[in-house]
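Descriptive analysis of the structure
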Amino acid sequence: MAIKCVGILTSGGDAPGMNAAIRAVTRSAIFNGLKVKGIYRGYKGLVANEIVPFKTQNVSNIIQQGGTILKTARSMEFKTKEGRKIAYENMTAAGIDALVVIGGDGSLTGARIFAEEYNVPIIGLPGTIDNDLFGTDRTIGYDTALNTIMEAVDKIRDTATSHERLFFIEVMGRDAGFLALNGAIAVGAEDAIIPEMATEVDQLAELIENGFRKSKNSSIVLVAESETTGGAMGLAERVKNEYPQYDVRVTILGHIQRGGSPTATDRILASRLGNAAIEALLEDQRNVMVGIENDKIVYVPFARAIKNDKPIDRELLNVLRVLSI
Ligand code: ADP
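Reading the values: the criteria
Residues numbered from 1 in each chain as written. Predicted model: local features only at pLDDT ≥ 70, side-chain atom pairs only at ≥ 80, totals over all residues. Heavy atoms only, no water. Helix = DSSP H or I, 4+ residues; strand = E, 2+ residues; numbered from the N terminus. Rg over C-alpha atoms; globule rule 2.2 N^0.38 Å. Buried < 20%, exposed > 50% of the residue type's maximum accessible area, 1.4 Å probe, protein only. Contact = heavy atoms within 4.5 Å. Areas by Shrake-Rupley, 256 points an atom, 1.4 Å probe, with all protein chains shown as cover. Pairing = 2+ DSSP bridges. Axes fitted to C-alpha atoms, helices over the stretch in contact; angles between N-to-C directions. Phe/Tyr/Trp six-rings, centres within 6.5 Å; stacked < 30°, edge-to-face > 60°. Lys NZ or Arg CZ within 6 Å of the ring centre and 35° of its normal. Near = heavy atom within 4 Å. Polar contact = N/O pair within 3.5 Å; in protein donor to acceptor, adjacent residues only side chain to side chain.

Here we look at the overall build of the chain
- Secondary structure assignment for the chain yields twelve helices and eleven strands.
- For the chain, whose C-alpha radius of gyration is 21 Å, the value lies close to the compact-globule estimate of 20 Å for 325 residues.
- Taking the principal axes of the C-alpha coordinates as reference, the chain spans close to 70 × 35 × 30 Å.
- The burial tally for the chain puts 54% of its 325 residues in the buried class.
- Once local pairs closer than 6 in sequence are excluded, the contacts in the chain between residues at least 24 apart make up 75%.
- Carbon and sulfur atoms form 50% of the exposed surface of the chain, whose accessible area is close to 14200 Å².

Pasting the structure below:
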């Protein structure tokens, strides 16, 4: 059956560029003769029937805005069979016959389950600052967050240099170290402590034993939030106990990393992926995430995007180590 009406929702953590993606999906769908409906508050709004018809004007003047005009939420109800049944009934009553879901790992997991249960065509777009989805080089929001981290840490460096201290700066990423590692390279940090390496070596001991601060008067280390790394607080506690000769300070960047106007890179990525989502539906593709690899659009089955851990590029670790002597 040919698709006539597409529903769009944003779900899970918000990310800069989600609005650019909503705009692209809406405009591309209308360009191709499809109707569009905006679903507010992610799966929560699908269950609560918060569905509104979208015209091209609904997405005017939003490409430059951070956050998501559709709002986002987490929904426990959607994790239950009963909740998904209500969601399906609301969707069909609104005449929606396909969905575009913009979100992270959890949102695409929900999409996969819903698509299988009700035979609904769903296309996923990777919207998360964490860059932790397999099968795409970048996710929507990652570049903006990386730039925000860079600007914040540049400022912290002024203080760090004046006081000759060791600074642990915690950045987001859930269980992925992309923001910490690439952020560290971008600010010229001493090191990055990331979950991907934490299971292999004691990165803190390595950092201290490699004689950091020998040639410098301050040190900045980016730490990925994660139980595996212990986070910046956990590491500072260890330094106090194990290496009390060092004066440590902790900064947790927090939600500042999620906000702000998206960079050109994120706007272009979101626009390309949003248009590709509609093309995919028109080509009868379903249950895939649209990603980008070597600057080309790719379609990745949900199962692959969600199940696999995206590996860190060891070359980046090497660059960081070589350049921080
Ligand atoms: P993100 O998409 O940023 O990873 P979450 O992990 O919070 O965010 O997931 C967003 C929403 O996706 C959840 O609140 C829930 O409604 C839905 N979801 C996540 N996992 C599942 C699941 N296993 N089954 C059904 N829905 C899920």
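Observations regarding the sheet that holds strand β5 (residues 122–126)
- If you walk across this open sheet you meet the seven strands as β3-β2-β1-β4-β5-β10-β11, and the pairing is mixed. Edge positions in the open sheet fall to β3 (51–54) and β11 (296–301), since each of these has one partner strand only. Here the strands of the sheet are splayed against their neighbours by 30 degrees on average, with no regard to which way each runs.
- When strand β4 (residues 98–103) meets β5, the two strands line up parallel, connected through five bridges. When the sheet's bridge partners are listed, Ile102 is paired in β5 with Leu125.

Concerning the packing of aromatic side chains
- A complete count under the given rule lists four aromatic pairs for this structure.
- Look at Tyr43 and Phe78: their rings are 3.9 Å apart centre to centre, the planes differ by 5 degrees, and that puts the pair in the stacked class. In this pair, Tyr43 sits in helix α2 (residues 42–47) while Phe78 sits in the loop between β3 and α3 (81–93), placing the two residues 35 residues apart along the sequence. We note that Tyr43, like Phe78, is buried.
- Ring centres of Tyr88 and Tyr118 lie 4.4 Å apart, and the angle between their planes is 15 degrees; on these two criteria the pair is classed as stacked. Here Tyr88 is found in helix α3, whereas its partner Tyr118 is found in helix α4 (residues 105–118), with 30 residues between them in sequence.
- A relative accessible area of 26% places Tyr88 in the partly exposed class.
- One aromatic cluster is present, built from ring pairs that chain together Tyr43, Phe78, Tyr88, Phe114 and Tyr118.
- When the ring centre of Phe178 is taken as origin, the NZ or CZ atom of Lys310, which lies over that ring, is 5.2 Å away.

Focus on unusual backbone geometry
- The phi dihedral of Lys71 is positive, around 60 degrees, even though this residue is not glycine.
- Tracing the chain through its elements places Lys71 in the loop between β3 and α3.
- Positive phi outside glycine occurs at Arg174, with the angle close to 55 degrees.
- Within the secondary structure, Arg174 is located in the loop between β6 (166–171) and α6 (178–187).

Digging into the site of the ligand
- Taken together, 17 residues lie around the ligand, and Arg74, Ser75, Gly104, Gly106 and Ser107 are the ones closest in.
- A distance of 3.4 Å separates an oxygen atom of the ligand from a polar backbone atom of Asp105.
- For the ligand, whose unbound accessible area comes to 550 Å², protein coverage reaches 85%.

Side note on the environment of Gly7
- Position of Gly7 among the secondary structure elements: in strand β1 (residues 5–10).
- For Gly7, a relative accessible area of 0% translates into the label buried.
- In this structure, the C-alpha to C-alpha distance between Gly7 and Thr26, residues 19 residues apart in sequence, is 9.2 Å.
- Excluding residues within four positions of it along the chain, Gly7 makes contact with Lys37, Ile39, Ile96, Ala98, Leu99 and Val100.

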